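If you want the building blocks of each chain, they are given just below.
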Amino acid sequence: ICMTLLFLLSLSSRLFAFSVAEDTVGAVDYQGIPRYPDSKIERYQAEQEVDYLVALGNLKKVNRVLSPEYSSRFKGRLTRITYRIPDGHDAEKAFRHYFKATEQATLLFECHGRECGSSSHWANQIFGIAQLYGPEGNQHYAVKQMEQDGQHVLLVVYAIERGNRRVYVHLDLLEIDELAAQQLSVNPSTYVAAWQSKGKVVLRGLQFNGQDQLSDESMATLEQVVKAMNKVLRMRFWVVGHLSGRSDLELLRERSLMRARSVKKALLDRGVAEERLVEQGVGPLAPLIRTNETEGRIELVLRP
């Protein structure tokens, strides 16, 4: 019995050593984003300065050329990680792991299955990794904007289950500067999907001056919001202002209402019908849970 136990311990230690060494040489997880349990890094690349195309929409043909519905180009430091997910685990579960691990990030776009378009194009043209090709019904894609230790990061996640049942998750992490971060915008279809599934959307990136009026720099953020609202003309909204701080409750509620009115006016100026919008200010009475938010936010909440 003792000899058997020693043999099993020796075998398990060798298997563990093999498992640890299975990551490609020099590969590491990106800080703050834990890997899917028991997955292994099969591809790893880090580049100091790249010109990166961010696909922010489904793949569609325009003049017989397949390309993302929305896209932008940014320069920055790029880290690329391709994980092999353990056998028996599906692509959606692995995708949701990374989605949840970055739940505080701003979602810019996501698609699933055939709505994303050609998997071959995603694998070979967007990512340049043939290994990521698989049945189109088995793919999941998302783009998020987040901040890690003061660094603005664009996160791209693509998960696929290949025809041979192997599952891969690929991460592209592009570190960008403040100006590029301000230029990123949410795909209108992402707003629509959030209203349909959650009934509300937080408008990220809005800034207000000392009089609680929307700053000129924030006006561009609303362009995609208006495009989304124009896709769903029957939807009506509360424009809800939230504001925390050391002031008394009534003052915070009044200031949050002023901010909501400022955003409403900006939406009206861009053609949104007034009967679709009602402003509200709730001050600090509805804080977000598990967030780094320290002051306030504006939400567009679906009205019945």
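Above: the structure in question.
Every chain is numbered on its own, with residues counted from 1 as its sequence reads. Given that this is a predicted model, residues contribute local features only at a pLDDT of at least 70 and side-chain atom pairs are listed and counted only at 80 or more, while totals for whole chains, interfaces and linings are drawn from all residues. No hydrogens and no water enter the side-chain calculation; it runs on all heavy atoms of the structure.

1. Some details on the layout of surface pockets
Link 1 in the chain: As defined here, a cavity is a set of points on a 1 Å grid over the protein atoms alone where a 1.4 Å probe fits but cannot get out. A pocket is an open set with protein on both sides within 12 Å along at least five of seven lines, and residues line them when an atom is within 4 Å of a point. Grid points are joined across faces, edges and corners, and a volume is the space filled by probe spheres set on the points. In this model, the largest pocket occupies a volume close to 1,600 Å³.
Link 2 in the chain: The wall of the largest pocket is formed by 44 residues, among which T106, R204, G205, L206 and Q207 lie closest to the centre.
Link 3 in the chain: A volume near 990 Å³ is recorded for the second largest pocket.
Link 4 in the chain: As for the second largest pocket, its lining consists of 32 residues, and the residues nearest its centre are L107, A194, K198, K200 and R204.
Link 5 in the chain: The secondary structure listing takes helices from DSSP runs of H or I that are at least 4 residues long and strands from runs of E that are at least 2 residues long, numbered from the N terminus. Elements with a contribution of two residues or more to the lining of the second largest pocket: α2 (91–101), β5 (106–112), α5 (188–198) and β9 (200–202).
Link 6 in the chain: Per-element accounting of the lining of the second largest pocket gives the leading share, eight residues, to α5.
Link 7 in the chain: Classes in brief: Ala, Val, Leu, Ile, Met, Phe, Trp, Tyr, Cys and Pro nonpolar; Asp, Glu, Lys and Arg charged; the others, Gly included, polar. Here the lining of the second largest pocket is built from residues that sort into 14 nonpolar, seven polar and 11 charged.

2. Regarding the sheet that holds strand β11 (residues 277–283)
Link 1 in the chain: As summarised here, the arrangement of the four strands in space is β9-β12-β10-β11, forming an open sheet in which the pairing is mixed. A single partner strand is all that each edge strand has here, and the edge strands are β9 and β11. Here the average twist between neighbouring strands, direction ignored, is 20°.
Link 2 in the chain: Paired strands, in this sense, are two strands between which DSSP finds at least two bridges. Bridge count between strand β10 (residues 236–243) and β11: six bridges; the pairing is parallel. Across the sheet, the residue bridging to G241 is G281, located in β11.
Link 3 in the chain: Note on contacts: a residue pair is in contact if any heavy atoms of the two residues lie within 4.5 Å. Lines fitted to C-alpha atoms define the axes here, with helix axes fitted over just the stretch in contact, and angles between the N-to-C directions of these axes take values from 0 to 180 degrees. Along the sheet, α5 makes contact with β9, β10 and β12 (296–303), crossing β9 at roughly 130°.

3. A few points about α5
Link 1 in the chain: The complete set of buried residues in α5 reads P188, T190, Y191, V192, A194 and W195.
Link 2 in the chain: Buried residues belonging to α5 abut β5, β9, α6 (221–231), β10 and β12.
Link 3 in the chain: The N-terminus of α5 is capped by N187, whose side-chain oxygen sits 2.8 Å from the backbone nitrogen of S189.
Link 4 in the chain: Count one or two residues on from α5 and you reach G199, which has phi positive near 80°. Working definition: with a 1.4 Å probe on protein chains only, accessible area under 20% of the residue-type maximum means buried, over 50% means exposed, and in between means partly exposed. Identification of polar contacts relies on pairs of N or O atoms within 3.5 Å, with a donor-acceptor requirement for protein atoms, meaning one able to donate a hydrogen and the other able to accept it, and with residues adjacent in sequence counted only if both atoms are side-chain atoms.

4. Some words on the environment of H121
Link 1 in the chain: Tracing the backbone shows H121 in helix α3 (residues 119–126).
Link 2 in the chain: Considering only alpha carbons, one finds H121 and V157, 36 residues apart in sequence, at a separation of 15 Å.
Link 3 in the chain: Once residues within four sequence positions are removed from consideration, H121 is found in contact with L59, L66 and I126.
Link 4 in the chain: In terms of polar contacts, H121 uses its side chain to reach the backbone carbonyl oxygen of L66, at 3.5 Å.

5. A few points about the nonpolar core
Nonpolar side chains tend to gather and get buried jointly when the protein is soluble and globular.
Link 1 in the chain: In these notes, a set of buried Ala, Val, Leu, Ile, Met, Phe, Trp, Tyr and Cys residues joined through side-chain atoms within 4.5 Å is what counts as a nonpolar core. Membership of the largest hydrophobic core comes to 57 residues, with the highest contact counts inside it found for F127, Y141, W195, L203, V263 and L267.
Link 2 in the chain: If one sorts the elements of this core by residue count, α6 sits on top with five residues.
Link 3 in the chain: Those residues in contact with F127 that lie beyond four places of it in its chain are Y52, R80, W122, L132, Y141, V156, Y158, H170 and D172.
Link 4 in the chain: Formed by 24 residues, the second largest nonpolar core is a distinct cluster that contains A27, I33, A91 and L155.

6. Remarks on the state of the cysteines
Link 1 in the chain: Pairs of cysteine sulfur atoms within 2.5 Å are identified as disulfides in what follows. Summed over the entire model, instances satisfying the criterion amount to one disulfide.
Link 2 in the chain: Between the sulfur atoms of C111 and its disulfide partner C116 the distance amounts to 2.2 Å. With the S-S bond torsion at 120°, the cross-link from C111 to C116 turns out right-handed. By the burial criterion, C111 is buried, and C116 matches it.

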